[in-house]
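Here are the chains, one letter per residue:
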Amino acid sequence: MKRSQKIASSAMGALLLASGAVAGFSNGIKPAPAQADEPLSPTGVVHQEGAYTISAELANLLDDSYTRIANVQGAFEFNQKGTTPNDELFNVFGTAILSMCSKPAQELVDAGEGQANFFVNVSGDIQKTFSVDVSELDDEQGVLMGCSCMTGSPFGQAYVVGVPLASVVEMADLEEGVNTVTAYGADGFGQPLPLRYALEKNALLVYQVNGQELKSTADSSLQLWMPETVAHYFTRNIVDISLTREAVEPEVQGVEPTYRNKIEIANKAEESTFSVGDQVSFEGVADDLGSPIAAIEFSFDDGDTWTSCPTDGATADKWVNWSFTTSFDQPGDYHMIARARTADGVVSPLSASLDFTMR
Ligand SMILES: Nc1nc2c(c(=O)[nH]1)N[C@H]1C(S)=C(S)[C@@H](COP(=O)(O)O)O[C@H]1N2
Ligand SMILES: [Mo]
């Protein structure tokens, strides 16, 4: 099978979706690396993100031996279900081989080692500092939530159980003008968020991920999960929740422009030869924080034409699981490109692609 130069020039690091990550589709899930876009001919989709110019141009990079088909029609389906296995999700237990967004974890510890400890101190500009076992509060919630890196490609989804941050805030006697909340980890890590924003989005103090109770060798195993917000804010091992009055409300950082509209193809490479006339299914996931995915788009002619499949009703707090089923009547080597389009009109700066053969 031929490999295009784009695949060879993959700019993506480790992708974390693996077999079984997408529920509801027949094929196992193996990520195909998405690739950086080489702006050889600046005639494609270009958008401006502040100081950045993002080009999603992909045409004319493929060699001539590929079979190109314009405007391929097929059956499209999507849902927003599915979870990423915990050992791939980020080092929620301090144990995964890969962390969600950064480098591989320094150390490997047996899964579930340590204590389940959900005590936090609540402090800052409040009348009286107090300590609470969050898992003892009685307004437990469970929710399926996406988690996406700010400066990298990985994204995942999990069913998390915890208590709204709001429950803890309500217990505090806030001084006048408190506008900021910071969840500090045992390691001192903490990212200030506007209190208003954290309450609006229903930030959760989480003690269970995909059915597994969180444990840690640090002081606490509680985690912050923030819907529609980058993983950067997902403090682990929360020991202190600080409610403060700041002169300026902190800004909420979003996904870097290059990593908007993340998309992955999940088809396995070893299942990439099909017979002419057969139904062929492609599947994968896409994610954007901030703007809902509005369509998944496919090209089988190196970006000259795109088949746009709307994802009506998709929300930004979860990923989009997609599948596209079609057939081809010419033998040859093919190259599919997939990208996601969001409601705000942006297409994936880093598209995903897949080579396959019809015979
Ligand atoms: N306590 C604590 N929580 C933390 C961090 C940290 O260094 N300490 N890193 C944050 C960052 S920057 C990210 S992207 C997510 C995922 O971190 P990981 O890439 O180390 O898995 O966890 C967040 N929570
Ligand atoms: Mo991060």
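Residues numbered from 1 in each chain as written. Chains lettered and ligands numbered in written order. Predicted model: local features only at pLDDT ≥ 70, side-chain atom pairs only at ≥ 80, totals over all residues. Heavy atoms only, no water.

Labelled according to an unreviewed UniProt entry, the protein appears under the name Oxidoreductase molybdopterin-binding domain-containing protein, originating from Adlercreutzia hattorii.

**Details of the pattern of salt bridges**
Definition in use: Throughout this description, the term salt bridge denotes a Lys or Arg side-chain nitrogen within 4 Å of a carboxyl oxygen of Asp or Glu. Numbering of helices and strands runs from the N terminus, with a helix taken as a DSSP run of H or I at least four residues long and a strand as a DSSP run of E at least two residues long. Here the term buried applies to any residue with accessible area under 20% of the maximum for its type, exposed to any over 50%, and partly exposed to those in between, with areas from a 1.4 Å probe on protein chains only.
Throughout the structure, instances matching the rule amount to eight salt bridges. One salt bridge connects Glu175 with Arg245, and the closest N-O pair in it is separated by 3.5 Å. Residue Glu175 is found in the loop between helix 3 (165–171) and strand 9 (180–185), and its partner Arg245 is found in the loop between strand 14 (238–244) and strand 15 (262–265); the two are separated by 70 residues along the sequence. Note on Glu175: relative accessible area 27%, which makes it partly exposed. Across the pair Glu297 and Arg341 runs a salt bridge whose closest N-O atoms are separated by 2.7 Å. Of this pair, Glu297 sits in strand 18 (residues 293–299) while Arg341 is found in strand 21 (residues 332–342), placing the two residues 44 residues apart along the sequence. On the accessibility criterion, Glu297 (3% relative accessible area) is buried. Exposure remark for Arg341: the relative accessible area of 26% places this residue in the partly exposed category. Residues joined in a network through salt bridges with shared partners are Arg260, Asp288 and Asp344.

**Details of the sheet that holds strand 6 (residues 130–133)**
Our working definition: Between any two strands, pairing holds if DSSP finds at least two bridges.
Read across the open sheet, the five strands follow the order 6-5-14-9-10; overall the sheet is mixed. If you trace the sheet from one side to the other, it starts and ends with strand 6 and strand 10 (193–194), each paired once. Bridge count for strand 9 against strand 10 is two bridges, and the pairing is antiparallel. Looking at the pairing, Val181 lines up with Leu193 of strand 10.

**Focus: the environment of Ala340**
Spelled out, the test is: What makes two residues a contact is simply this: any of their non-hydrogen atoms within 4.5 Å.
With respect to the helices, strands and loops of the structure, Ala340 is situated in strand 21. Overall, the relative accessible area of 0% leaves Ala340 in the buried class. Counting along the chain gives 54 residues from Ala340 to Ala286, while the straight-line C-alpha distance between them is 6.6 Å. The contact partners of Ala340, leaving out residues within four places of it in the chain, are Asn261, Ile263, Ala286, Ile293, Ala295, Ile296, Val346, Val347 and Ser348.

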